[in-house]
Amino acid sequence: MGDIGRVLFALGMGALGALSLIHADFILEWSAVPDALPARTLFAYAQGALLIAAGLALLFPATRSAAALALAALWAIYACFHIPLTLANWKAGVGGQAESLALVAMSLLLSEGPAAKRARRYVFGLCMPACGLVHFLYPDAVATWIPHWIPGPGLFWAYATGAAHVAAGLAVLSGALAPLASTLNAAMYGSWFLLLHIPRTIAAPQDRHEWTTTFVALAFNGGAWALMHILRRKT
């Protein structure tokens with residue numbers, strides 16, 4: 001299971017890097033890089049190359065930890081870029097802030113360093129409730145992402161998945177039912193990737209944003225699988 005998580009996360013990072021090279025740009029709102037950044041295009045290409053190289057390096061034991069730390073550092077930089085927006089308008093910024101920090105934690109999940117081991121579980125656990133909070137702040141927007149063929153109103157699933165985020169985060173932080181919570185969390189992310197993101201991308205193959213959200217979701221799947229493997233192995 002740990003290998004599955006690492007491969008999925010590596011694929012997500014590599015695919016995001018490829019998008020950066022294709023579009024000569026950063027990862028849309030997930031990076032929050034200012035438009036006024038000097039040599040912005042050059043840095044965007046460098047970021048794309050780093051994501052691809054680190055994604056490949058995650059697949060090999062000798063380079064795994066270094067690649068994971070490099071990705072954690074990159075997403076930590078992007079988390080810092082989100083801070084001004086979060087301070088100016090926390091409702092608009094909390095989602096991007098939480099997701100970038102969650103990707104920091106997911107990167108650390110694949111590292112073997114002692115400091116990373118101490119930090120990764122708690123960063124991840126704190127980010128999950130913040131991600132769930134977005135579902136409660138913008139339930140109507142979240143509901144529009146629910147496929148129409150899924151039974152029940154979209155608002156129900158918006159609130160239910162928000163509550164699932166909060167519950168998973170609290171379980172991981174407290175240790176109460178943490179293996180079960182991480183398993184259900186991984187299943188939830190997997191269902192979103194398969195039932196939501198892939199069909200939306202197929203329906204709009206020219207939409208860069210759909211491709212980006214799909215690959216971010218793929219990386220989140222990898223991180224969730226990795227956390228599940230770690231917590232179940234400890235149990």
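Above: the structure in question.
These figures come from a predicted structure and were not determined experimentally. (Residues numbered from 1 in each chain as written. Predicted model: local features only at pLDDT ≥ 70, side-chain atom pairs only at ≥ 80, totals over all residues. Heavy atoms only, no water.)

### Quick look at the packing of helix α3 (residues 40-57) against helix α4 (residues 64-88)
Each pair of packed helices can be described by the angle between their axes along with the distance between the axes. Selection criterion: Note on geometry: axes are lines fitted to C-alpha atoms, helical ones only across the stretch in contact, with angles between N-to-C directions running from 0 to 180 degrees. The numbering of helices and of strands both runs from the N terminus, where a helix is a DSSP run of H or I of at least 4 residues and a strand a run of E of at least 2. A crossing counts as left-handed when the near helix is turned anticlockwise from the far one by less than a right angle, and as right-handed when that turn is clockwise. Any two residues whose heavy atoms approach within 4.5 Å are treated as being in contact. Each residue is assigned to one of three groups, with Ala, Val, Leu, Ile, Met, Phe, Trp, Tyr, Cys and Pro labelled nonpolar, Asp, Glu, Lys and Arg labelled charged, and all others, Gly among them, labelled polar.
Between α3 and α4, whose axes approach to 8 Å, the crossing angle comes to 145 degrees. In this structure, α3 crosses over α4, and the sense of that crossing is left-handed. Across the interface between the two elements, Gln-47, Leu-50, Leu-51, Ala-54 and Ala-57 of α3 pack against Arg-64, Ala-67, Leu-71, Leu-74 and Tyr-78 of α4. By residue class, the composition of the contact of α3 with α4 is eight nonpolar, one polar and one charged.

### So, the environment of Leu-180
Here Leu-180 is to be found in helix α9 (residues 178-203). Residues Leu-180 and Met-228, spaced 48 residues apart in sequence, show a C-alpha to C-alpha distance of 8.2 Å.

### A word on unusual backbone geometry
Short version of the rule: Between buried and exposed lies partly exposed: a residue is buried under 20% and exposed over 50% of the maximum accessible area for its type, with that area taken using a 1.4 Å probe on protein chains only.
The residue Leu-28 is not glycine, and still its phi comes out positive at about 45 degrees. In this fold, Leu-28 is placed in helix α2 (residues 28-31). In this structure Leu-28 comes out as partly exposed when scored by relative accessible area, which is 26%. With a phi angle near 55 degrees, Ala-32 is a residue other than glycine that sits in the positive phi range. Of note, Ala-32 is situated in the loop between α2 and α3. Ala-32 gets classed as partly exposed once you look at its relative accessible area, which sits at 27%.

Any link to function would need more than the numbers given here.
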